[in-house]
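Overview (structure and organization)
Read off the chains here:
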Amino acid sequence: MKNYFLFILVMSSFKMIAQTSVADSLLQIGNYQAAIERYKVGPESEFKIARVYTQMGDVYAALASYEQGFKRDSLSLQPRFEYARIALGNNDPVTAFDKLLKLTTEVPDNASYHYYMGKAYEDLNNDAAAISAFAKAVSLNTSYRAARIELVKLLLKNRKFYKAIQSATVGLNIYPEDIKMNSLIAQSYLGGKRYDKAIAHFELLFSLGNDTDFNRKNLAWSYFNDRQWQLAIANYEWYNRDYEEGNSQVHFIMSQAYLKLGKLDLAQDYIERSIAFKTPELHQEYLQLATIYVRQEDYKNAFYATKKAKKEKSDNDLIGYQYALAADQYYADKPKKLEFYEEFIKQYPESAFQDLANARAKDLRKEIFLAPKK
């Protein structure tokens, strides 16, 4: 009788193994529902069923199966890690954080646990803690690309440009042509005003076939700030042609570049285009146009351009003072000049330009008083 029961036990075990093997095979070919039915026959199958539901995209059924399994086994690392990842993907960072905190405490040298802890902190809007978690992940595994990318992105977001550059450089030492890492380091150099370095990485991105509007515009901006006016113009022209012809800010910068090159007609042409494209505030564009007119010694049009700038931004005392200066250059009649300074003094009593305006007004009054009477 004893041998009989042993035989039954062995046969039952073989049957369970066979059921599991069949279920595994069904899972591999994507027959998920049939695999679940087979797994249900065997004991201690909650975690396996949960993984099938995960592959099916049935998040809530997967989480429920894991929770059933935890009643039997709450210590196994893999199911807890899988559960945390699903919770994180299901916009439940609090639940994920609870599981991951215990995992990182129990197994502190597992880089992936720290990576997902960083993702949880990020979803909880704790950037400082997320940065520390991602940094820990890459310290444990230098080639952990996903963790390094998240780390550099957060450092860049928080304007820690030097640290972002340091970390991205390590990543590029491993994968020199990594498009994402080159993009992040280019942005970090741009944020840190290292325009020559930003140019090198943006140019590399283009050589790798990553020609995007973001890269083209930022390459042009880098050339502009590196005082390479002609290359800035060339890249902005490329941007205008391939991506966005009517960007007022691009035309504004192109006008500035042409002005730096002394090409006043083109500077005027592009600032007029900027004005045509922009709404509703145009004070910067009108001031730029006024600057070009002054360089051309066209004081009449400089005055009227400044007048338009003042109309656009009447509360700006700097523009108000520039308006008085423009009138001073345009009008020959001293009493007329004085009117604009007196208007400024009255309109902007708290302005830092009050002393300059009062000094000029005083000089004009003296000149008017001493002038021969007609």
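By size, the foremost hydrophobic cluster in this structure holds 78 residues, and its most contacted members are L100, Y115 and F202. The contacts of Y115, once residues within four sequence positions are left out, are F134, A137, Y144, A146, A147 and E150. Formed by 15 residues, the second largest nonpolar core is a distinct cluster that contains A326, L338, F340 and Y341.

In this section: the packing of aromatic side chains. Counted under the stated rule, the structure contains 27 aromatic pairs. On the basis of an interplanar angle of 70° and a centroid distance of 5.1 Å, the ring pair of F303 and Y304 is categorised as edge-to-face. Each member of the aromatic cluster is reached from another via a ring pair, and the members are F81, Y113, Y115, Y116, F134 and Y144. Between R273 and the ring centre of Y270, over which it is positioned, the NZ or CZ distance is 4.2 Å.

Pairing of side chains with opposite charge becomes possible as their charged atoms draw close. Here the structure, examined in full by the defined rule, presents 17 salt bridges. Among the charged side chains, a salt-bridge network with shared partners connects D328, K334, K337, R360 and E367.

Together, V170, I174 and Y175 give the surface a local cluster of nonpolar side chains, amounting to about 230 Å² of exposed area. Within the secondary structure, Y175 is located in the loop between α10 (161-174) and α11 (179-191).

What follows concerns the layout of surface pockets. Here the largest pocket is characterised by a volume of approximately 180 Å³. Contributing to the lining of the largest pocket are L287, Q288, A290, T291, V294, A302, T306, Q322, L325, A326 and Q329. With five residues, helix α17 (residues 283-295) is the largest single contributor of residues to the lining of the largest pocket. Residue classes in the lining of the largest pocket are distributed as six nonpolar, five polar and no charged.

Let's shift gears to unusual backbone geometry. Not every positive phi belongs to a glycine, and N125 is a case in point at roughly 60°. Position of N125 relative to the elements: it lies in the loop between α7 (111-123) and α8 (127-140). Unlike most non-glycine residues, E297 shows phi in positive territory, near 60°. Residue placement: E297 occurs in the loop between α17 and α18 (299-312). Of the residues examined, E297 reaches a relative accessible area of 60% and is grouped as exposed.

This part is about the side chain of S248. Following the sequence through the fold, S248 ends up in helix α15 (residues 248-260). Discounting chain neighbours no more than four positions away, the residues touching S248 are S274, F277, K278 and E285.

On to the environment of A309. By the element assignment, A309 lies in helix α18. Placed 25 residues apart in sequence, A309 and Q284 show a C-alpha to C-alpha distance of 7.1 Å. If we skip the residues at most four places from it in the chain, A309 touches H283, Y286, L287 and I319.

Next up on the list: the packing of helix α9 (residues 145-157) against α11. Two elements in contact, α9 and α11, have axes whose closest approach is 10 Å; the angle formed by their N-to-C orientations is 20°. As far as their axial angle goes, α11 and α9 are roughly parallel. For the pair α9 and α11, the sense of crossing is left-handed. From α9, R145, R148, I149, V152, K153 and L156 reach across to α11, where they touch K180, M181, L184, Q187 and S188. For the contact of α9 with α11, the residue count by class is five nonpolar, two polar and four charged.

In a regular helix each residue adds 1.5 Å, so 14 residues correspond to 20 Å; helix α14 (residues 229-242) covers 20 Å between its end C-alpha atoms and thus fits that length. Listed in full, the buried residues belonging to α14 are W229, A232, I233, N235, Y236, Y239 and N240.

What follows concerns the environment of S112. Relative to the assigned elements, S112 resides in helix α7. Considering only alpha carbons, one finds S112 and L140, 28 residues apart in sequence, at a separation of 9.3 Å. Residues contacting S112, with those up to four places away along its chain left out, are F81 and Y144.

In this fold, F206 is placed in helix α12 (residues 195-207). Residue F206 is classed as buried on the basis of its relative accessible area, which comes to 16%. Not counting residues within four places of it along the chain, the set of residues in contact with F206 comprises D211, T212, N215, R216 and L219.

Conventions we followed
- Residues numbered from 1 in each chain as written.
- Predicted model: local features only at pLDDT ≥ 70, side-chain atom pairs only at ≥ 80, totals over all residues.
- Heavy atoms only, no water.
- Core = buried A, V, L, I, M, F, W, Y, C linked by side-chain atoms within 4.5 Å.
- Buried < 20%, exposed > 50% of the residue type's maximum accessible area, 1.4 Å probe, protein only.
- Contact = heavy atoms within 4.5 Å.
- Phe/Tyr/Trp six-rings, centres within 6.5 Å; stacked < 30°, edge-to-face > 60°.
- Lys NZ or Arg CZ within 6 Å of the ring centre and 35° of its normal.
- Salt bridge = Lys/Arg side-chain N within 4 Å of Asp/Glu carboxyl O.
- Patch = residues over 30% accessible without salt bridge, like charges linked within 9 Å, V, L, I, M, F, W, Y side chains within 5 Å.
- Areas by Shrake-Rupley, 256 points an atom, 1.4 Å probe, with all protein chains shown as cover.
- Helix = DSSP H or I, 4+ residues; strand = E, 2+ residues; numbered from the N terminus.
- 1 Å grid on protein atoms, 1.4 Å probe; cavity = no way out; pocket = protein on both sides within 12 Å on 5 of 7 lines; lining within 4 Å.
- Points joined across faces, edges and corners; volume = space filled by probe spheres on them.
- Nonpolar A, V, L, I, M, F, W, Y, C, P; charged D, E, K, R; others polar.
- Axes fitted to C-alpha atoms, helices over the stretch in contact; angles between N-to-C directions.
- Parallel < 35°, antiparallel > 145°, perpendicular 65-115°, else oblique.
- Left-handed = near helix turned anticlockwise from the far one by under 90°.
- Expected span 1.5 Å × (residues − 1).

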